Every structure is written in C-alpha cells, then in structure tokens.
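Residue-level structural notes
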Amino acid sequence: MKSIQRILMAITLLLSVVGASAQIKNSVTEKVKINGNCGMCKSNIEKAGSVKKIATVVWDKDTKMATLTYDSKVTSQDEILKRVAAAGYDSARFKAVDEVYNNLHGCCQYDRETSLDTAPAVKKESEN
C-alpha cells in the first residue's frame, strides 16, 4: 500500500513539474541545494521562490535539492534564491538574515553552514 502511495506521489510531482514548466516561456531548469528540514520548509521554499508563469520551485526534503524552472528573460536563479533567502532559507549563493532565520519554526531551523559566512545576507523586501 505504501509503495502505491509513493508511486502516486511521484507521478503527481512529475506531472506538476511538467505542467508548470510547460506554462513558463523561455524556460530554463536548474538544480540547486537549499537548506531546510521538513514539509513546512518545503511549502515555504516553494512558495517563496515560485512566481506564477515566471518561476516554479520544487524542493526535495530528503536531498535538500530544489528544481528551479524559470523564464530566463524575466528572472534568474539569483533572483529566485534571493526570495528564498528572504523567507529564511540559505543556499550556497545567498544567506538568510539571522533574524529571519531565527523566526522560523523550530523544526525548520537547520544546522547553518559556516561556509555561508561569505554569502550575502538577504533581507525581506519590506526591510530593504
């Protein structure tokens, strides 16, 4: 029964990625690591990075890898990762501001890598 559920979930995920990328013009797809822990992180990361008909983010909590599909004439990987960092989630290119990270739910607070100390911190849009 669990294997059937997993197969159905995988098919649903695949169809959502294919459907989303079909709606995005000039689409580019890339994979990037984004730190996080749980299903709540998945929801927050995907919501922060996705923009209707411009960018779609699908994050895998087991691998910590996100698939970014976006219109390369309208946005970029950096812009998507800045939005994700503004929501509290670090990537190799951008670090969330400590205050935003500290306000994440306890289960969403991951071990931050010291190698990110050189990455620029990104504030929420309203704070810039």
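One structure accompanies this document, and this report is about it. Counting from 1, residues in each chain are numbered in the order their sequence is written. It should be noted that, the model being predicted, local features are given only for residues of pLDDT at least 70 and side-chain atom pairs only at 80 or more, the latter also being counted only at that level, while totals for whole chains, interfaces and linings use all residues. Heavy atoms from the whole structure form the basis of all side-chain values; hydrogens and water molecules are not counted.

**Examining the packing of aromatic side chains**
Each aromatic ring pair is summarised here by two numbers: the centre-to-centre distance and the angle between the ring planes. Operational definition: A pair of Phe, Tyr and Trp rings is counted when the ring centres sit within 6.5 Å of each other, with Trp represented by its six-membered ring. The angle between the planes then sorts it: under 30 degrees is stacked, over 60 is edge-to-face, the rest tilted. Between buried and exposed lies partly exposed: a residue is buried under 20% and exposed over 50% of the maximum accessible area for its type, with that area taken using a 1.4 Å probe on protein chains only. Comment: the charge-over-ring label is applied if NZ (Lys) or CZ (Arg) is within 6 Å of the ring centre and within 35 degrees of the ring normal.
Here the structure, examined in full by the defined rule, presents 2 aromatic pairs. Taken together, a centroid distance of 5.0 Å and an interplanar angle of 70° make the contact between Tyr-101 and Tyr-110 edge-to-face. Of the two residues, Tyr-101 and Tyr-110, neither departs from the other in class, the shared state being buried. Among the aromatic residues, those joined into a cluster by ring pairs are Tyr-89, Tyr-101 and Tyr-110. Taking the ring centre of Tyr-101 as reference, the NZ or CZ of Arg-112 above it sits at 4.3 Å.

**Comments concerning the environment of Lys-95**
We apply this condition: Under the DSSP-based scheme used, a helix requires at least four consecutive residues in state H or I and a strand at least two consecutive residues in state E, with every element numbered from the N terminus.
Its place among the elements puts Lys-95 in strand E4 (residues 95-96). A residue is classified by how much of its surface remains accessible, and Lys-95, at 16% relative accessible area, is buried. Residues Lys-95 and Val-122, 27 residues apart in the sequence, show an inter-C-alpha distance of 6.2 Å.

**A look at the environment of Ser-72**
Selection rule: Here a residue-residue contact requires only that any non-hydrogen atoms of the pair lie within 4.5 Å.
Relative to the assigned elements, Ser-72 resides in the loop between strand E3 (65-71) and helix H3 (77-86). Sequence-wise, Ser-72 and Thr-29 are 43 residues apart; in three dimensions their C-alpha atoms are separated by 9.5 Å. Those residues in contact with Ser-72 that sit more than four places away from it in its chain are Asn-26 and Val-28.

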